[in-house]
Amino acid sequence: RGIDIAHGQTIQNEKEGDDENQIDIDSDESTISFHEDFYRIFVNCALILANADGQLTSEEEESITDLAPTYLNKNKIHGILNVSKMEYQKNNITFSALVHEINHIYKLDEKKSLLNSLYIVSVADGKVDPEELRFLELIADNIGVDFDSIKKIKETNLVNVKHQKIIDDFSDLEINFN
């Protein structure tokens, strides 16, 4: 069972076993049901995201652990996070490698789940920085999430968050070509 993000309807997956990687973005659940390898990729992406503004806040780190699969014990969750942090500090986690892995292993619904989870991390500290929004847009573009799904995920997660005004509609700009 998953969510048709574009239409907000519950859908049934065709392939058995895929439901473990789905998320209902309208749900109030605090964990995401996906397997350990997918969680590792999520953690790696989340570290790049959280550091986009120059710092990993305690709220962002807490949201990363809160989104862990429920079957993982706390030691395993913190182990994955700590290994990822060490690899990040050594510059062993690259955007291009993550995108490559995501695109070659995961289906569109899993990619939407990942993007939604990253938006949850980005708003964990009550605000979202322009650098984080740029990263989210970059990852969405590179993993092939469609515009309508991005819009739904963005609206769902950014509804009550403070963020700097970013001009998306250039018609508001006054440009003098003289």
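Everything below is about the structure printed above this text.
If you're wondering where the values come from, they're calculated on a predicted model, not measured in any experiment.

Enquirer: Would you mind going over the overall build of the chain with me for this structure?
Expert: Looking only at helices and strands, the chain has 7 helices and 4 strands in total. Along the chain direction, N to C, the helices and strands of the chain fall in the order β-β-α-α-α-α-α-β-α-α-β. A total of 178 residues make up the chain; the buried ones form 41% of that total. Residue pairs in contact within the chain that sit at least 24 positions apart in sequence constitute 74% of those at least 6 positions apart. Here the chain has roughly 10300 Å² of accessible surface; of this, 46% comes from carbon and sulfur atoms.

Enquirer: How do you make sense of the nonpolar core when you look at a structure like this?
Expert: Generally speaking, soluble globular proteins have nonpolar side chains that are buried together. Grouped together as the largest cluster of nonpolar side chains are 40 residues, with contacts concentrated most on Tyr39, Phe42, Leu115 and Leu118. Per element, the largest residue contribution to this core is 10 residues, and it comes from helix 1 (residues 36-50). Not counting the four nearest positions on each side in its chain, leucine 115 is found in contact with Leu136, Ile139, Ala140, Val145, Ile150 and Ile153.

Enquirer: Could you clarify how one ought to interpret helix 4 (residues 95-105) in this entry?
Expert: Every α-helix winds through 3.6 residues per turn, so residues three or four apart in the chain are directed the same way. Of all the positions in helix 4, only Leu98, Val99 and Ile102 are classed as buried. Buried residues of helix 4, viewed axially, fall in a sector of 100°; they line one side. Along helix 4, the residues that are exposed and aim more than 90 degrees away from the buried face are Ser96, His104 and Ile105. If you follow the buried residues of helix 4, they end up packed against helix 1, helix 5 (108-122) and helix 6 (130-143).

Enquirer: What am I meant to see in the packing of aromatic side chains here?
Expert: Aromatic ring pairs are defined here through the distance separating the ring centres and the angle between the ring planes. Summed over the entire model, instances satisfying the criterion amount to 3 aromatic pairs. Consider the rings of tyrosine 39 and phenylalanine 42, whose centres lie 5.8 Å apart with planes at 40°: the pair is tilted. Here the residue tyrosine 39 and the residue phenylalanine 42 both occupy positions in helix 1, the gap between them amounting to 3 residues, near one helical turn. Residue tyrosine 39 is classed as buried on the basis of its relative accessible area of 0%.

Enquirer: Looking at this structure, how should I read the pattern of salt bridges?
Expert: In a structure, side chains of opposite charge can pair up when their charged atoms sit close to one another. With the rule as written, the count across this model stands at 7 salt bridges. Glutamate 36 is the salt-bridge partner of lysine 76, the closest N and O atoms lying 3.0 Å from each other. Remark: glutamate 36 occurs in helix 1 and lysine 76 occurs in helix 3 (residues 74-89); sequence separation between them is 40 residues. Residue class for glutamate 36 comes out partly exposed when judged on its relative accessible area of 29%. Note that lysine 112 is salt-bridged to aspartate 146, the shortest N-O span being 3.9 Å. Residue lysine 112 is found in helix 5, and its partner aspartate 146 is found in the loop between helix 6 and helix 7 (147-158); the two are separated by 34 residues along the sequence. On the basis of relative accessibility, which here comes to 30%, the residue aspartate 146 falls in the partly exposed class.

Enquirer: What exactly am I supposed to notice about unusual backbone geometry here?
Expert: The bulk of non-glycine residues show a negative phi, and the bulk of peptide bonds are trans. In this model, asparagine 91 sits at a positive phi of 60°, which is unusual for a non-glycine residue. Residue position: asparagine 91 is located in the loop between helix 3 and helix 4. What makes asparagine 91 exposed here is its relative accessible area of 63%.

Enquirer: Can you walk me through helix 7 in this structure?
Expert: Helix length check: helix 7, at 12 residues, gives a terminal C-alpha distance of 16 Å against a target of 16 Å (1.5 Å per residue), a fit within 8%. Buried residues of helix 7: Ser149, Ile150, Ile153, Asn157 and Leu158, and no others. Buried positions in helix 7, seen along its axis, are confined to an arc of 135° and lie on one side of it. The elements touched by buried residues of helix 7 are helix 5, strand 3 (127-128) and helix 6.

Enquirer: In this structure, what is going on with the packing of helix 5 against helix 7? I would like to understand it.
Expert: The description of two packed helices rests on the angle between their axes and on the distance between the axes. It is the contact of helix 5 with helix 7, at a shortest axis distance of 9 Å, that shows an interaxial angle of 30°. Our classification of the angle between helix 5 and helix 7 gives roughly parallel. For the pair helix 5 and helix 7, the crossing hand works out as right-handed. Every residue of helix 7 that contacts helix 5 at Lys112, Leu115, Asn116, Tyr119 and Ile120 is listed here: Ser149, Ile150, Ile153, Lys154, Asn157 and Leu158.

Conventions adopted
Residues numbered from 1 in each chain as written. Predicted model: local features only at pLDDT ≥ 70, side-chain atom pairs only at ≥ 80, totals over all residues. Heavy atoms only, no water. Helix = DSSP H or I, 4+ residues; strand = E, 2+ residues; numbered from the N terminus. Buried < 20%, exposed > 50% of the residue type's maximum accessible area, 1.4 Å probe, protein only. Contact = heavy atoms within 4.5 Å. Areas by Shrake-Rupley, 256 points an atom, 1.4 Å probe, with all protein chains shown as cover. Core = buried A, V, L, I, M, F, W, Y, C linked by side-chain atoms within 4.5 Å. Arc of directions from axis to C-beta. Phe/Tyr/Trp six-rings, centres within 6.5 Å; stacked < 30°, edge-to-face > 60°. Salt bridge = Lys/Arg side-chain N within 4 Å of Asp/Glu carboxyl O. Expected span 1.5 Å × (residues − 1). Axes fitted to C-alpha atoms, helices over the stretch in contact; angles between N-to-C directions. Parallel < 35°, antiparallel > 145°, perpendicular 65-115°, else oblique. Left-handed = near helix turned anticlockwise from the far one by under 90°.

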